[in-house]
Amino acid sequence: MGEIYGYVRVSCRDQNADRQMIAMKDKGIPEENIYVEKQSGKDFNRPMYKRMIRKLKTDDLLYIKSIDRLGRNYQEIIEQWRLLTKEKNVDIVVMDMPLLDTRRGKDLMGTLIADLVLALLSYVSENERYNIRSRQREGIDAAKQKGVRFGRPPIPVSEDFERIYDLWISKAISAEEAAKQCGLTKSTFYYRVRKRQNVYTKAEPGQ
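Residues numbered from 1 in each chain as written. Predicted model: local features only at pLDDT ≥ 70, side-chain atom pairs only at ≥ 80, totals over all residues. Heavy atoms only, no water.

A.B. asks: Looking at this structure, I do not really get the overall build of the protein chain. What am I missing?
C.D. replies: Within the protein chain, the secondary structure is distributed over seven helices and four strands. Across the 207 residues that make up the protein chain, the buried fraction comes to 37%. Relative to all contacts within the protein chain whose residues are 6 or more apart in sequence, the contacts with residues 24 or more apart total 60%. Surface exposure of the protein chain reaches about 13,500 Å², of which carbon and sulfur atoms provide 52%. (Helix = DSSP H or I, 4+ residues; strand = E, 2+ residues; numbered from the N terminus. Buried < 20%, exposed > 50% of the residue type's maximum accessible area, 1.4 Å probe, protein only. Contact = heavy atoms within 4.5 Å. Areas by Shrake-Rupley, 256 points an atom, 1.4 Å probe, with all protein chains shown as cover.)

Structure (structure tokens):
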């Protein structure tokens, strides 16, 4: 029996990892062996996870709270499971799913059952995230059809914008001064100019 490790991941920095941490400590995992990731798993480039992988060795035991901590989709979860169990030769325990405990059933039947359960749960996890995103898109589309507007409200244009614009375009005043007189930031002023001209270009005249 090697050392015991735990991996905790939350999807963004403002999420609370306490629930997963409590579960890890209940298993008697030393705090220094618990790797906590508080970053997005968008590309699976997670420094704490990589550091843990380098630390793991044959016969170590890794605890994770749920299967989706290993990846954000079916392919990633399967790939990381294979890396851990086949290449690193460590055991994995998924706390929320007792069947996913590689310490049990090391024979062919036990491995087959674990692989089938893993594939099913990985698919369900990915499908659930897809459904959530689909419902969010449907809700946004429905709201837009009802006239709901998203994002920050546009900054009202000064009544003197045309006069100030003419002064700026003739180079009588600078862009900074024009933006100041309009009550806008310089970038917003340029945006209003492009919108007025209906020309979207990277060039910003009058600088």
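More follows now that the structure is in view.
A.B. asks: Whenever I open this one, the environment of Glu 159 confuses me. Can you help?
C.D. replies: Mapped onto the fold, Glu 159 is located in the loop between helix 4 (108-145) and helix 5 (161-169). On the basis of relative accessible area, Glu 159 is assigned to the exposed category, the value being 82%. Expressed as a C-alpha distance, the spacing of Glu 159 and Cys 182, which sit 23 residues apart in the sequence, is 8.5 Å.

A.B. asks: Explain the pattern of salt bridges here, please?
C.D. replies: Side chains that differ in charge, positive against negative, can pair when their charged atoms come close. Tallied over the entire structure, the rule returns eight salt bridges. Between Asp 60 and Lys 57 there is a salt bridge, with the nearest N and O atoms lying 3.6 Å from each other. Residue Asp 96 is joined to Lys 65 by a salt bridge in which the shortest nitrogen-to-oxygen separation is 2.5 Å. With Asp 96 in the loop between strand 4 (91-94) and helix 4 and Lys 65 in the loop between strand 3 (61-64) and helix 3 (74-87), this pair connects stretches of sequence that are 31 residues apart. (Salt bridge = Lys/Arg side-chain N within 4 Å of Asp/Glu carboxyl O.)

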